[in-house]
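Coordinate inspection notes
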Amino acid sequence: MSQATIIDGKAFAANLRADIGRRVAVLKQRHGLTPGLSVVLVGEDPASQVYVRNKGKATLEAGMKSDTYTLSPDASHEEVMAKVEELNNDASVHGILVQLPLPDQVDSDAILNAIDPDKDVDGFHTLNVGRLTSGQDAMAPCTPVGCMIMLKEVVGDLTGKQAIVVGRSNIVGKPMAALLLKEHCTVTIAHSRTRDLAGECRRADIVIAAVGRPRMIGGDWIKPGATVIDVGINRIDDASTKSGTRLVGDVNFDEAVETAGAITPVPGGVGPMTIACLLKNTLTAACRQAGVAEPE
Ligand code: NDP
């Protein structure tokens, strides 16, 4: 069996980011409009700090305005809420992202639902979740949107394809399933209580892995020729690297690459597309708020 095509998420993301940068320039020139993204970080979690830094850098590189507000780890619920309300009322801010997870004293659901739905570039507000699941035009979460862009490019028409989403979180699994359904796939959503997960996966033309368990999905779970999108990011020990660790996905890549038709690597697959799609959502949000057409 020949090896799978490796889906180059870095290249997809570079193209999308360049395209967004070009469209932001058109927006500035035509309408004097600079899309703005504000990120709220509560606490000092090192992984969150890296994510937030990368998001800010990408936003500036696309020609957008970027602000990051860092609140102390013991910030109260009210303080975080006040920051969200301030940003809701700031006309130069078109996108608001509150970095998750939030500390225990902060009610995450209440904070996410306090974000103006039109500025909700993460797509986590209940209104956007409802719009997405009812098939309306919605601000959809960045990671699943990035997966869909790559899938459509690699597979083409998704109509009638058997797709399995392993994982049912609100940020990846559920919105991913809704987007696949919108493209007329026959969708199975699997989770920790699913019986015969391997058998369910073997029936699928498209496997989306969003579990958070290193290399759980083996090569013999993959139907020959299937397309595999690995969302998982897991750090494992590896004495052969300088840091002593490395990142792997939820799929056993070395095995699956022998069976799949196409597969995303980790790192370099879904991750880079998530940030690119955040910029995409910010551009869309800015155009909608300003009442102008999105540049082609
Ligand atoms: P969650 O922990 O919120 O959800 C994990 C899901 O996997 C749950 O639905 C859980 O089932 C299911 N699950 C856990 N164990 C098993 C098992 N043994 N068999 C079947 N299903 C199982 O994770 P997220 O959705 O937030 O993230 C998933 C992965 O994706 C993580 O590795 C995360 O780091 C990564 N990620 C990557 C992003 C990117 O940009 N590339 C962005 C976001 C996440 P149950 O509901 O029954 O508990």
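What you see is a predicted model, and the numbers here were worked out from it, not measured in a lab. Per chain, residues are indexed from 1 in the order of the written sequence. With pLDDT at 70 or above as the cut-off, local features in this predicted model cover only qualifying residues; side-chain atom pairs require 80 or more to be listed or tallied, and sums for whole chains, interfaces and linings still use all residues. Values reported for side chains reflect all heavy atoms of the structure, with hydrogen atoms and water molecules removed beforehand.

As a further point, take the overall build of the chain. A tally of helices and strands in the chain yields ten helices and eleven strands. The globule rule used here is 2.2 Å times the number of residues to the 0.38 power, and the radius of gyration it is set against is calculated over C-alpha atoms. In terms of overall dimensions, the chain is globule-like: its C-alpha atoms have a radius of gyration of 19 Å, near the 19 Å expected for 296 residues. Expressed as lengths along the three principal axes of its C-alpha atoms, the size of the chain is roughly 55 × 45 × 40 Å. Looking at the chain as a whole, 49% of its 296 residues are labelled buried. Here, residues are in contact when the closest pair of their heavy atoms is within 4.5 Å. Within the chain, contacts between residues at least 6 apart in sequence are counted, and of these 69% link residues at least 24 apart. Side-chain charges of the chain comprise 30 positive and 36 negative groups, with the mean position of each set lying 4 Å from the other. Secondary structure elements are defined from DSSP: runs of H or I of at least 4 residues count as helices, runs of E of at least 2 residues count as strands, and each element is numbered from the N terminus. Relative accessibility thresholds used throughout: buried, under 20% of the residue-type maximum; exposed, over 50%; partly exposed, between the two (1.4 Å probe, protein chains only). Within this scheme the basic residues Lys and Arg register as positive and the acidic residues Asp and Glu register as negative, but His and the chain ends are omitted. Taken as the charge location is NZ of Lys, CZ of Arg, CG of Asp or CD of Glu.

Domain parsing of the chain yields domain 1 (31-116) and domain 2 (141-270). If you average the C-alpha positions of domain 1 and of domain 2, the two centres end up 28 Å apart. Domain start and stop points were drawn from an automatic or database domain assignment.

This paragraph deals with the pairing of strand S4 (residues 95-98). Burial of the side chains of S4 extends over both faces: Gly95 and Leu97 are buried on one face and Ile96 and Val98 on the other. Note that strand S2 (residues 36-42) and S4 share four bridges and pair parallel. Residue pairing for S4: Val39 is matched across the bridge by Leu97. Should DSSP find at least two bridges between two strands, the strands are regarded as paired.

With that settled, the discussion passes to the site of the ligand. For each residue, the test is whether any non-hydrogen atom lies within 4 Å of the molecule or strand; if one does, the residue is near. Neighbouring the ligand are 21 residues; Arg168, Ser169, Ser192, Arg213 and Thr274 lie closest to it. Two N or O atoms form a polar contact when they lie within 3.5 Å of each other; inside protein one atom must be a possible hydrogen donor and the other a possible acceptor, and for residues adjacent in sequence the pair counts only when both atoms belong to side chains. Separating an oxygen atom of the ligand from a side-chain N or O atom of Ser169 is a distance of 2.5 Å. Note that a nitrogen atom of the ligand is positioned 2.7 Å from one of the side-chain N or O atoms of Arg213. In the complex, 71% of the free accessible area of the ligand, which totals 930 Å², lies under the protein chains. For the shell around the ligand, the element with the most residues is helix H10 (residues 270-290), which contributes three residues. By residue class, the composition of the shell around the ligand is nine nonpolar, ten polar and two charged. Under the convention used here, a 1.4 Å probe and the Shrake-Rupley method define accessible areas, while residue burial counts only the protein chains that appear. Side-chain classes are defined by residue name, with Ala, Val, Leu, Ile, Met, Phe, Trp, Tyr, Cys and Pro counting as nonpolar, Asp, Glu, Lys and Arg as charged, and the others, Gly among them, as polar.

The subject of this paragraph is the packing of helix H6 (residues 142-155) against helix H7 (residues 173-182). Helix axes use the C-alpha atoms of the stretch in contact, all axes being lines fitted to C-alpha atoms, and the angles between their N-to-C directions lie in the range 0 to 180 degrees. Following both chains from N to C, one finds H6 and H7 inclined at 35°, their axes separated by 9 Å at the closest point. In the crossing of H6 with H7, the sense of the turn from one axis to the other is right-handed. Across the interface between the two elements, Pro144, Val145, Cys147, Met148 and Leu151 from H6 touch Pro175, Met176, Leu179 and Leu180 from H7. In terms of residue class, the contact of H6 with H7 is built from nine nonpolar, no polar and no charged. Two helices that cross are described as forming a left-handed crossing if the nearer one is turned anticlockwise from the farther one by less than a right angle, and a right-handed crossing if clockwise.

What follows deals with the sheet that holds strand S3 (residues 65-71). Strand pairing in a sheet relies on backbone hydrogen bonds, with the paired strands running either antiparallel or parallel. Here we have three strands laid out as an open sheet, ordered S3-S2-S4, and parallel in their pairing. Two strands close off the open sheet at either side, each with one partner strand: S3 and S4. Strand-to-strand, the axes of this sheet are offset by a mean angle of 15°, without reference to chain direction.

Now for the packing of aromatic side chains. Any pair of Phe, Tyr and Trp rings, taking the six-membered ring for Trp, is counted once the centres come within 6.5 Å. Such a pair is stacked with planes under 30 degrees apart, edge-to-face with planes over 60 apart, and tilted for the rest. Scanning all chains against the criterion turns up zero aromatic pairs. Here Lys83 stacks its cationic end above the ring of Tyr69, 3.9 Å away from the centre of that ring. Any Lys NZ or Arg CZ that is within 6 Å of a ring centre and within 35 degrees of that ring's normal is treated as a charge sitting over the ring.

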